[in-house]
Amino acid sequence: MNYRSFARDVVKLLGGKQNISSLVHCATRLRFNLHDSAKTDKPAIEKLEGVLGVVESGGQFQVIVGKHVEDAYKEIEKMISSTETAEPVDETKDSLGNRIFEVISRSFSPLLGALAGAGMLKALLTVLTMVGWLSTESGTYFILSAAGNAVFYFLPIFLGITLATKLGANPYVGGAIGAALLEPNFAGLLENIGDRSDFLGIPVLLMDYSSSVFPVFIAVCIYAALNNLLKKIIHRDLHLFMLPLLSLLIIVPLTVLIFGPFGIYVGDAIGAAIGFLSSKSGILTGAVMGAGWTFLTLFGLHWGVVPIMISNIGSGGDPLTGMLAAAPFAQMGVALGIFLKTKDKNLKTLGGSTLLPGLLSGVTEPIIYGLMVRFKRTIIYVVIAGAVGGAINGFFGAKATAFGFPSVLTIPVFTPMGLYVIGVAAAFVGATLLTVLLGYEDRGGNR
């Protein structure tokens, strides 16, 4: 694939670089913010070599290119980086929900590799200790454990940076706000004096903010608004030190007084609600998650659930990931089914090439856009198999103890592991059998 030629074609079909307000990417998608989506030629973009699909969602024009995403992004970024006269994108035309999903997506996208890699490392450590190849008391274990835990423990700092960047504020002040919640002297108060302290005589409820998501989201959003206000009332010559000084002076105390406890309570409430639904009917909750996750991924809305997952993991385990894991395994089953069923060499190659990354890394969007969108009958198979697998995992209470895309290599981060395997195996085998026995759609009919 010629990435320079691809970049030139994409930019042209999007209405030129003047029509592109911003660009980011996630694991498989180029996510464009455009000034005017009416200037795009969506059908032509869908026909370009390497494009698996196009989705307009969350106020973004998303081009799915799978494994080519990083190289394509670099070439397109070079091409549009010289644009200095573009007007800011008008976000008022998007609904509040779309804008929230966009903020979440663009805050987590830069962290995707670190989160996935750290989750895989934690899974590897689990396997090594289970088989007795590594002692949990050894220095090697503690060093590797630090490598796997760091991004999760210091997540408020990383999110502070990426979220402030997205909101147009100073990313390092955003990171400093997150870091303040983990600063040893402040964090030590909880251990040394209990869960109560004070700030200027005002009672402070102390909490553990490591691995938390919602507190720093609230704090940095307020900081971004405050930063914009301070820019208007403080002389430009004083911005360098006055903006960070006043922002930290105001936001950090407000965070430990209000935003932090509120964010923790929100996360705990969501976790409790999920736990309540699971306790009342784990089967029904799991079935809904297993059946519905594919559609959230299809429209790029799955990022809205990621903060809830990470918050639950920080509280001891996330049942959502356990239930929705059935969906990507069902998608992998469809890829295997098409691989086994088809006699078309090109389609067989596509099935195998999309199955392998799914099994090893949990990235299944190439399956969704390369196979399922093309052969729409398979979507029904994934819904059925995902519902069955999700119901099984919901019934057994399967939980993720670390963040990671559901794949063969991340199985060790789920507990109870054996019962979790039963659920995802049911989804995988079920979707494979449905595809092989009932066939799939193509342009020439059923096969």
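Small disclaimer: the values here were computed from a predicted structure and weren't measured.

Participant: Mind showing me how you'd approach the overall build of the protein chain here?
Facilitator: Along its length, the protein chain carries 18 helices and 10 strands. Taking all 447 residues of the protein chain together, 49% fall into the buried category. Put simply, the protein chain shows about 20500 Å² of open surface, and 64% of that area lies on carbon and sulfur atoms.

Participant: What exactly am I supposed to notice about the sheet that holds strand E1 (residues 20-25) here?
Facilitator: Strand-to-strand pairing in sheets goes through backbone hydrogen bonds, with the strands running parallel or antiparallel. Strand order in the open sheet made by the four strands is E1-E2-E4-E3, with antiparallel pairing throughout. With one partner strand each, in any of the chains shown, E1 and strand E3 (53-57) form the two edges of the open sheet. Taken over all neighbouring pairs, the strand axes of this sheet differ in orientation by 20° on average, direction set aside. Pairing of strand E2 (residues 29-34) with strand E4 (residues 60-64) involves four bridges; the strand directions are antiparallel. By the bridge assignment, arginine 29 is partnered in E4 with isoleucine 64.

Participant: Where do I start with unusual backbone geometry in this structure?
Facilitator: Leave glycine aside and you will find that most residues have negative phi; peptide bonds, for their part, are mostly trans. Proline 416 follows threonine 415 through a cis peptide bond whose omega is -10°. Note that proline 416 resides in the loop between strand E8 (414-415) and helix H18 (417-438). Despite not being glycine, leucine 200 has its phi angle at roughly 55°, a positive value. As for its position among the elements, leucine 200 is in the loop between strand E5 (196-199) and strand E6 (202-205).

Participant: Whenever I open this one, the layout of surface pockets confuses me. Can you help?
Facilitator: Over the atoms, a rolled probe matching the size of one water molecule traces out where space is still vacant. Considering only enclosed or pocket space, the largest pocket measures out at about 670 Å³ in volume. Along the walls of the largest pocket sit 28 residues, with Thr28, Gly66, Lys67, His68 and Pro366 positioned nearest its centre. When residues of the lining of the largest pocket are traced back to their parent elements, those giving at least two are helix H3 (69-80), helix H5 (112-130) and helix H15 (345-361). Sort the elements by how many residues they give to the lining of the largest pocket and H15 lands first, with five residues. Counted by class, the lining of the largest pocket contains 15 nonpolar, 10 polar and three charged residues.

Participant: In this structure, what is going on with the packing of aromatic side chains? I would like to understand it.
Facilitator: Within this structure, the stated rule accounts for six aromatic pairs. Look at phenylalanine 395 and phenylalanine 396: their rings are 5.3 Å apart centre to centre, the planes differ by 65°, and that puts the pair in the edge-to-face class. The class of phenylalanine 395 is exposed, set by a relative accessible area of 56%. When its relative accessible area of 32% is taken as the criterion, phenylalanine 396 is described as partly exposed. With 3.9 Å between their ring centres and 5° between their planes, phenylalanine 414 and tyrosine 420 make a pair best called stacked. You'll find phenylalanine 414 and tyrosine 420 in the same group, each marked buried.

Participant: Explain the pattern of salt bridges to me, please; I cannot follow it from the model alone.
Facilitator: Opposite charge on two side chains allows them to pair when their charged atoms are near. Summed over the entire model, instances satisfying the criterion amount to two salt bridges. The shortest N-O distance in the salt bridge between glutamate 75 and lysine 78 comes to 3.7 Å. Highlighted residues: glutamate 75 and lysine 78, both in helix H3, separated by three residues, approximately one helical turn. Overall, the relative accessible area of 57% leaves lysine 78 in the exposed class. Residues participating in the shared-partner salt-bridge network are Arg4, Glu75 and Lys78.

Participant: Explain the nonpolar core to me, please; I cannot follow it from the model alone.
Facilitator: As a rule of thumb, soluble globular proteins bury nonpolar side chains together. Val334, Ile338, Leu371 and Tyr420 are the most contacted members of the largest nonpolar core, which totals 36 residues. Residue assignment for this core shows that the elements contributing at least two residues are helix H14 (326-341), H15, helix H16 (365-372), helix H17 (377-396) and H18. Looking at which element gives the most residues to this core, the answer is H14, with eight residues. Aside from chain neighbours lying at most four places away, what touches isoleucine 338 is Leu347, Leu371, Phe375, Thr378, Thr435 and Tyr440. Membership of the second largest hydrophobic core comes to 32 residues, among which are Val103, Ile104, Leu243 and Ile251.

Participant: Just checking my understanding: could you explain H17 for this structure?
Facilitator: Along an α-helix, residues three or four positions apart point the same way, because every turn accommodates 3.6 residues. Under the 1.5 Å per step criterion, the end-to-end length of H17 is 30 Å for 20 residues, consistent within 8% with the ideal 28 Å. Here H17 has its buried residues at Thr378, Tyr381, Val382, Ala385, Gly386, Ala387, Gly389, Gly390, Ala391, Asn393 and Gly394. Phi turns positive, to about 70°, at glycine 397, one or two residues after H17.

Participant: Help me understand the side chain of serine 210 in this model?
Facilitator: Note that serine 210 resides in the loop between E6 and helix H10 (214-233). A relative accessible area of 13% places serine 210 in the buried class. Of the polar contacts made by the side chain of serine 210, one reaches the side chain of aspartate 208; its length is 2.9 Å.

Participant: I'm lost on the packing of helix H1 (residues 3-13) against H3 in this one. Help?
Facilitator: Each pair of packed helices gets described by two things: the angle between the helix axes and the distance between those axes. Look at H1 against H3: their axes get within 9 Å of each other, and the N-to-C directions meet at 60°. As the angle between them shows, H1 and H3 are arranged oblique. Our pair here, H1 against H3, has a crossing hand that is right-handed. Contacts between H1 and H3 involve Tyr3, Arg4, Phe6, Ala7, Arg8, Val10 and Val11 from the first element and Asp71, Ala72, Glu75, Ile76, Met79 and Ile80 from the second.

Participant: For this particular structure, what's the right way to read a nonpolar patch on the surface?
Facilitator: Among the surface-exposed residues, Val127, Met130, Val131 and Trp133 lie close enough to one another that they form a single nonpolar patch of about 460 Å² accessible area. Here valine 127 shows up in helix H5.

Reading guide: rules and limits
- Residues numbered from 1 in each chain as written.
- Predicted model: local features only at pLDDT ≥ 70, side-chain atom pairs only at ≥ 80, totals over all residues.
- Heavy atoms only, no water.
- Helix = DSSP H or I, 4+ residues; strand = E, 2+ residues; numbered from the N terminus.
- Buried < 20%, exposed > 50% of the residue type's maximum accessible area, 1.4 Å probe, protein only.
- Areas by Shrake-Rupley, 256 points an atom, 1.4 Å probe, with all protein chains shown as cover.
- Pairing = 2+ DSSP bridges.
- Axes fitted to C-alpha atoms, helices over the stretch in contact; angles between N-to-C directions.
- 1 Å grid on protein atoms, 1.4 Å probe; cavity = no way out; pocket = protein on both sides within 12 Å on 5 of 7 lines; lining within 4 Å.
- Points joined across faces, edges and corners; volume = space filled by probe spheres on them.
- Nonpolar A, V, L, I, M, F, W, Y, C, P; charged D, E, K, R; others polar.
- Phe/Tyr/Trp six-rings, centres within 6.5 Å; stacked < 30°, edge-to-face > 60°.
- Salt bridge = Lys/Arg side-chain N within 4 Å of Asp/Glu carboxyl O.
- Core = buried A, V, L, I, M, F, W, Y, C linked by side-chain atoms within 4.5 Å.
- Contact = heavy atoms within 4.5 Å.
- Expected span 1.5 Å × (residues − 1).
- Polar contact = N/O pair within 3.5 Å; in protein donor to acceptor, adjacent residues only side chain to side chain.
- Parallel < 35°, antiparallel > 145°, perpendicular 65-115°, else oblique.
- Left-handed = near helix turned anticlockwise from the far one by under 90°.
- Patch = residues over 30% accessible without salt bridge, like charges linked within 9 Å, V, L, I, M, F, W, Y side chains within 5 Å.

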